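Residue-level structure breakdown
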Amino acid sequence: MSLDQAVRSETSLDRLVAAAEVGANAPLPDDDIPLYAPRRNIYPQSVHGTFRRIKWAVLVVTLGIYYLLPFVRWDRGPNAPDQAVLVDFPARRFYFFSIEIWPQEIYYLTGLLIIAAITLFLMNAVAGRIWCGYLCPQTVWTDLFLAIERFVEGDRREHMLRDRRHWTASTWGRKGVKHFLWLMVAWWTGGAWVLYFADAPTLVKQLATGEAPLIAYVWIGILTFTTYTLAGHMREQVCLYMCPWPRIQAALTDEYALNVTYRYDRGEPRCSVKKAEQLREKGEPAGDCIDCLQCVHVCPTGVDIRGGANLGCIQCGLCIDACDNVMTKLGRPTGLIAYDTDLNIKARLEGKPSVFQLVRMRTILYAAIIAIVGGVMIYVLATRDSEGISVIHDRNPMFVQLSDGAIRNAYTIRIVNKQLKYRNFIISVDGLPSSLVDFVGLPPRADGRQLVDVGPDQTREVRVTVTDYADTPPAPSTSILFKLIDVDTGEVAEMRDHFFGPEQKP
Ligand code: SF4
Ligand code: SF4
C-alpha cells in the first residue's frame, strides 16, 4: 500500500490507533501499575475553525511583539537610550516607552505582579484556562513547533504512518529538517530575549561579528535549549506535570466559570450515524456524538473531553472546532462541545434553561482590584517627583563641638535627577533656626551660593555638614528637614533626619 493510500485508509489506521489507545487505557491490576507512566506520543491533527483562527491570531500577535519589540525606537532625547523597551542593567534602569523605572521604584513591579495575578484569576472566573489555551508561552511556542512539524512531516495520519513504518532516508531527512527548523526558532527566541537587555541593532551586529559579550551567548544558548526542549519535546508534559497553574485554577474556579465542555445531555448515548438513525426511527434516544474521535485527534494534550473536566485540558477550544466541523457535515447543530458549565447541563437535563452568569461577585471583585491597583499605579506614575534626596547621618562621631561652641553634624546625601537634562540644586535645612549648610569640597559660585549640579538621569553623592550657631545648645536629638530645591524650577524634594547635640546637664 502506498503512503497516500495508507493515509486515506482512515479506518485501518483508526483501528490501529484505537487498539493502541484501548490497550493503553485498559485497567491494570494494582500491583502492575507503574510509578511512572511513560509518555504516549501525541500526533495532534490540524483543524480549521473559529478557535483555531483565534489561536493563530494570538500566536502571530504575541510572537510578533516578542520578536520585533526590541527594534522599536522611542525618542527620549539626547541623554537616554532610544529603545522603546529596555532593561538597562549597567545604568540600573527599566525603560518602557515613556516610562522610566529606577531601582528604588521597583515597587511598581509588585503592582504589576498583583495585576497579572488578579487578571489570571479574572480570566479563570470568566472562561477557565484562557491563559493556558491561548496566551501561555508554552502553548504559543508548542503551537508554532507543531505547525512546523506538520509542515515537514505531514498531518497526523501521514506522520503516524511514517513513524510506525521502517524509517527511510526520506523519514530521516524530514526529521532532520524539522529539528533544524525547531532549533532555528529556538535560537531566534533566545536571541530576541537578549535584545531586551542592550541596544538591539548594535547587539545584533555584535552577535553577527562575534563581538557580543559572553553573557549574551550564554543566555541565547540557555534559551535555545529550553525552548527546543519544552516546545519541541516536552509539549503537553509541561502542562500536565510541571506547571502549578492547572492545580491552582482548579481550586479557584466556580460552577459559573465557562469551560470547554462536552454537552453529554445532547451527545449521549453516543453511537454511529447509522445506528443513531435506526434508534431514532424506532423512537429510542440517540445522542449526537458519533464517536468519531475527531475531538480527541485534534487535542494537543491527548485528552478526550467527553470524559469530563480534566487537568490535562488546556481549554484551547480546538475540539470545539473539530466537533463543529463534524456536526456541520452531518447537518446537526454545532456546539456539541462548547464553552459551557456542568450546572447548565444539569439544568437542561431537568428541563430548565441555561444560565450564563459572567457578571457576578467574584468577577466584579477581581475587576475592581485590577482597576484600583492599576489606577493607583497610574496616579503614582503621573505625579511622581523628578528629583529625590536620601540622607544618611554619619555614625561616628554623631556630632562635633567647634572651638566657638557651635555644634556640627555631618551627612552623606544622595541627590537624584530623573530628568534628562543637567540640573542645579541647593539644599536647605528646616528645624534649626541658626544653622549653616555646607557642601564639603564644593567651592561657592560667583554669587556665593553652593550649587550641586547633577547630570541627566543620574544621581550624585555629596558630603554635607550642618552647623548650629545658636547661643543655646541644641537638644540631644532634633528632627530636621532637608530640602532639595531645583534653582531653576523651584521643584522641591524633602527628607527628614536628625541633628544630634551633647546631653544636657541637669
Ligand atoms: S468530535 Fe464530536 S461527534 Fe466526534 S467523537 Fe468528538 S464529540 Fe463525538
Ligand atoms: S480537550 Fe479540547 S479544549 Fe481541552 S486541550 Fe484538548 S482540544 Fe483543547
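Definitions and limits used
- Residues numbered from 1 in each chain as written.
- Chains lettered and ligands numbered in written order.
- Predicted model: local features only at pLDDT ≥ 70, side-chain atom pairs only at ≥ 80, totals over all residues.
- Heavy atoms only, no water.
- Helix = DSSP H or I, 4+ residues; strand = E, 2+ residues; numbered from the N terminus.
- Rg over C-alpha atoms; globule rule 2.2 N^0.38 Å.
- Buried < 20%, exposed > 50% of the residue type's maximum accessible area, 1.4 Å probe, protein only.
- Contact = heavy atoms within 4.5 Å.
- Areas by Shrake-Rupley, 256 points an atom, 1.4 Å probe, with all protein chains shown as cover.
- Lys, Arg positive; Asp, Glu negative; His and termini not counted.
- Charge placed at Lys NZ, Arg CZ, Asp CG, Glu CD.
- Patch = residues over 30% accessible without salt bridge, like charges linked within 9 Å, V, L, I, M, F, W, Y side chains within 5 Å.
- Salt bridge = Lys/Arg side-chain N within 4 Å of Asp/Glu carboxyl O.
- Phe/Tyr/Trp six-rings, centres within 6.5 Å; stacked < 30°, edge-to-face > 60°.
- Polar contact = N/O pair within 3.5 Å; in protein donor to acceptor, adjacent residues only side chain to side chain.
- Core = buried A, V, L, I, M, F, W, Y, C linked by side-chain atoms within 4.5 Å.
- Arc of directions from axis to C-beta.
- Domains from an automatic or database assignment.
- Near = heavy atom within 4 Å.
- Nonpolar A, V, L, I, M, F, W, Y, C, P; charged D, E, K, R; others polar.
- Pairing = 2+ DSSP bridges.
- Axes fitted to C-alpha atoms, helices over the stretch in contact; angles between N-to-C directions.
- Expected span 1.5 Å × (residues − 1).

1. Looking at the overall build of the protein
- A tally of regular secondary structure across the protein gives 18 helices and 14 strands.
- The globule rule puts the C-alpha radius of gyration for 506 residues at 23 Å, and the 34 Å found for the protein is more than 25% above it.
- The buried share of the protein, reckoned over its 506 residues, is 42%.
- Sequence-distant contacts in the protein: of pairs separated by 6 or more residues, those separated by 24 or more amount to 70%.
- Total accessible area on the protein is roughly 27,700 Å²; 63% of this is exposed by carbon and sulfur atoms.
- Taking the average place of the 53 positive charges on the side chains of the protein and the average place of its 54 negative ones, the gap between the two points comes to 7 Å.

2. A word on a nonpolar patch on the surface
- Judged by side-chain polarity, L68, F71, F180, L183, M184, W187, W188 and V204 come together as a nonpolar surface patch covering roughly 740 Å² of accessible area.
- Element by element, the count of residues in the nonpolar patch is highest for helix α8 (residues 169–194), at five residues.
- Among the secondary structure elements, L183 is positioned in helix α8.
- A relative accessible area of 36% places L183 in the partly exposed class.

3. Quick word on the packing of aromatic side chains
- Taken as a whole and assessed by the stated rule, the structure comprises 18 aromatic pairs.
- Their ring planes at 80° and their centres at 5.1 Å tell us that F96 and F97 sit as a pair that is edge-to-face.
- On the accessibility criterion, F96 (39% relative accessible area) is partly exposed.
- Under the relative-accessibility criterion, F97 is labelled partly exposed at 25%.

4. Some details on the side chain of E105
- Structurally, E105 is set in the loop between β3 (99–101) and α4 (107–127).
- A polar atom in the side chain of E105 sits 2.6 Å from the side chain of K418.
- Ignoring sequence-local partners within four residues, the contact set of E105 consists of E100, R384 and K418.

5. Structural notes on the nonpolar core
- I389, Y411, I413, I415, I427, V466 and F482 are the most contacted members of the largest nonpolar core, which totals 23 residues.
- At the level of secondary structure, the elements contributing two or more residues to this core comprise β6 (387–393), β8 (407–417), β9 (423–430), β10 (435–439), β11 (452–454), β12 (458–468), β13 (477–486) and β14 (492–500).
- Ranked by residue count, the leading element in this core is β8, at four residues.
- Here I415 is in contact with G388, F425, I427, V452, V454, Q458, T459, R460, V462 and L484, once residues within four sequence places are set aside.
- Listed in part, the 21 residues of the second largest apolar core include F51, V296, C319 and L336.

6. Quick word on helix α12 (residues 245–252)
- Here α12 has its buried residues at W245, P246 and Q249. Buried positions in α12, seen along its axis, are confined to an arc of 95° and lie on one side of it.
- On its buried face, α12 sits against α4, α5 (130–135) and α11 (236–242).

7. Re the domain arrangement of the protein
- Per the domain assignment, the segments making up the protein are domain 1 (3–30 + 254–349), domain 2 (50–251) and domain 3 (387–500).
- Inter-centroid distance (C-alpha atoms) of domain 2 to domain 3 is 49 Å.
- Residue-level contacts link nine residues of domain 2 with eight residues of domain 3.
- Put simply, domain 2 and domain 3 have two salt bridges between them.

8. As for the site of ligand 2
- All residues in the neighbourhood of ligand 2 are listed as V260, C299, P300, T301, V303, I305, C313, I314, Q315, C316, G317 and C319.
- A per-class count over the shell around ligand 2 returns nine nonpolar, three polar and no charged.

9. Regarding the sheet that holds β13
- Strand order across the open sheet formed by four strands is β11-β9-β13-β14, with antiparallel pairing between neighbours. Two strands lie at the open edges of the sheet, namely β11 and β14, each paired on one side alone. Taken pair by pair, the neighbouring strands of this sheet meet at an average axis angle of 30°, ignoring direction.
- Note that β9 and β11 share three bridges and pair antiparallel. Bridge pairing in β11 places F425 opposite V452.

10. A word on the site of ligand 1
- All residues in the neighbourhood of ligand 1 are listed as Y262, C289, I290, D291, C292, L293, Q294, C295, R306, C323, M327 and I337.
- Elements supplying a minimum of two residues to the shell around ligand 1: α15 (294–297) and α16 (318–330).
- Among the residues forming the shell around ligand 1, the class breakdown is nine nonpolar, one polar and two charged.

11. With respect to the environment of R162
- Counting through the fold element by element, R162 comes out in helix α7 (residues 156–164).
- R162 gets classed as buried once you look at its relative accessible area, which sits at 10%.
- Through-space distance from the C-alpha of R162 to that of G133 is 29 Å; in sequence the pair is 29 residues apart.

12. Points about the side chain of T142
- With respect to the helices and strands, the residue T142 is situated in helix α6 (residues 137–153).
- Leaving out residues up to four positions away in the same chain, T142 has contacts with L230, A231 and R235.

13. A few points about the pairing of β6
- With five of its seven residues buried, β6 lies for the most part within the structure.
- Two strands pair when backbone bridges link them, and β6 and β8 are joined in this way by seven bridges, in the antiparallel orientation. Among the inter-strand pairings, I392 is bridged to a residue of β8, identified as T412.

14. Examining helix α18 (residues 361–383)
- In this model, α18 (23 residues) spans 32 Å end to end at C-alpha, consistent with the 33 Å of a helix rising 1.5 Å per residue.
- Residues of α18 that are buried: T363, Y366, I370, V373, G374 and M377.
- Structurally, α18 contributes buried residues whose contacts are with α4 and α12.

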